[in-house]
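# Per-entry structural report
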Amino acid sequence: EWRQKRRSGLTPFGTLLRFRKEGVPDQPPVLLAAPLSGHFATLLRETVRTLLQDHTVYITDWHNARDVALRHGPFGLDDYIGHMMDFARAVHADSDREVHLVAVCQPCVAALAATALLAEDGDPAQPRTVTLMAGPVDCRVNPTEVNRLATSKPIRWFERQLISHVP
């Protein structure tokens, strides 16, 4: 059941939403990968409007971690990449067309990894194009204040100060 839900675009961790214009035949699909945290999918409203001019838009809508039951297991980078691959497959299956992928900020690394794995497998869902927006693929280049903070203290400091366990 878990795998089936993931393929259909619904998981305990996120939902794949589709936007299209009524009365217009399906246009080339674009998968818009929204961040998991911070500005979420809702702040990409104008991006969706712009993409809808020429595409059927699918967007990742990640669920708040507080609302995901522990029985669904962890959600690490490998899971994130797996979800991106499954979402690309769901878009391809729904549209039966090549997928364009746009990742904004945080999901850039997962989108790039998912694309590479799909290409390596010769998967027909591998994106035809990939656009990475505002996502630091290598944080060592042009580090921000957040990057500088991350390298200024030992990992134990972050574990003690910044990690909270939730039920």
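Note that the structure is a prediction, hence the values are computed from the model and not measured.

About the cut-offs
- Residues numbered from 1 in each chain as written.
- Predicted model: local features only at pLDDT ≥ 70, side-chain atom pairs only at ≥ 80, totals over all residues.
- Heavy atoms only, no water.
- Helix = DSSP H or I, 4+ residues; strand = E, 2+ residues; numbered from the N terminus.
- Rg over C-alpha atoms; globule rule 2.2 N^0.38 Å.
- Contact = heavy atoms within 4.5 Å.
- Areas by Shrake-Rupley, 256 points an atom, 1.4 Å probe, with all protein chains shown as cover.
- Expected span 1.5 Å × (residues − 1).
- Buried < 20%, exposed > 50% of the residue type's maximum accessible area, 1.4 Å probe, protein only.
- Arc of directions from axis to C-beta.
- Salt bridge = Lys/Arg side-chain N within 4 Å of Asp/Glu carboxyl O.
- Pairing = 2+ DSSP bridges.

### Looking at the overall build of the protein
In terms of regular secondary structure, the protein is built from six helices and five strands. In sequence order, the protein lays out its α and β elements as α-β-β-α-β-α-β-α-β-α-α. Taken against the 2.2 N^0.38 rule, which gives 15 Å for 167 residues, the C-alpha radius of gyration of the protein at 17 Å falls within 12% of a compact globule. Oriented by its inertia axes, the alpha-carbon framework of the protein measures out at about 55 × 40 × 30 Å. Within the protein, contacts between residues at least 6 apart in sequence are counted, and of these 78% link residues at least 24 apart. About 10500 Å² of surface is accessible on the protein, with carbon and sulfur atoms providing 55% of the total.

### Considering helix α4 (residues 108-120)
For α4, spanning 13 residues, the distance from its first C-alpha to its last is 18 Å, which sits close to the expected 18 Å at 1.5 Å a residue. Every buried residue belonging to α4 is among Cys108, Ala110, Ala111, Ala114, Thr115 and Leu118, and all of these are buried. Projected down its long axis, α4 shows its buried positions confined to an angular sector of 160 degrees, all on one face. Structurally, α4 contributes buried residues whose contacts are with α3 (77-95), β4 (100-104) and β5 (129-133). Looking one or two residues beyond α4, the residue adopting positive phi is Gly122, at roughly 65 degrees.

### Some details on the pattern of salt bridges
All told, the structure shown has eight salt bridges when counted by the stated rule. As a salt-bridge pair, Arg49 and Glu46 come within 2.4 Å of each other at their nearest N and O atoms. Linking Arg49 with Glu46, this pair stays in helix α2 (residues 45-51), spanning three residues, or about one helical turn. One network of salt bridges, with partners in common, ties together Asp86, Arg89 and Asp123.

### Digging into the pairing of strand β3 (residues 56-62)
Within β3, six of the seven residues are buried, which leaves it mostly tucked inside the rest of the structure. For strand β1 (residues 14-19) and β3, the ladder comprises six bridges, and the chain directions are antiparallel. Residue Gly14 lies in a different strand from β3, and its bridge partner there is Trp62.

What is shown is where atoms sit, not what they do.
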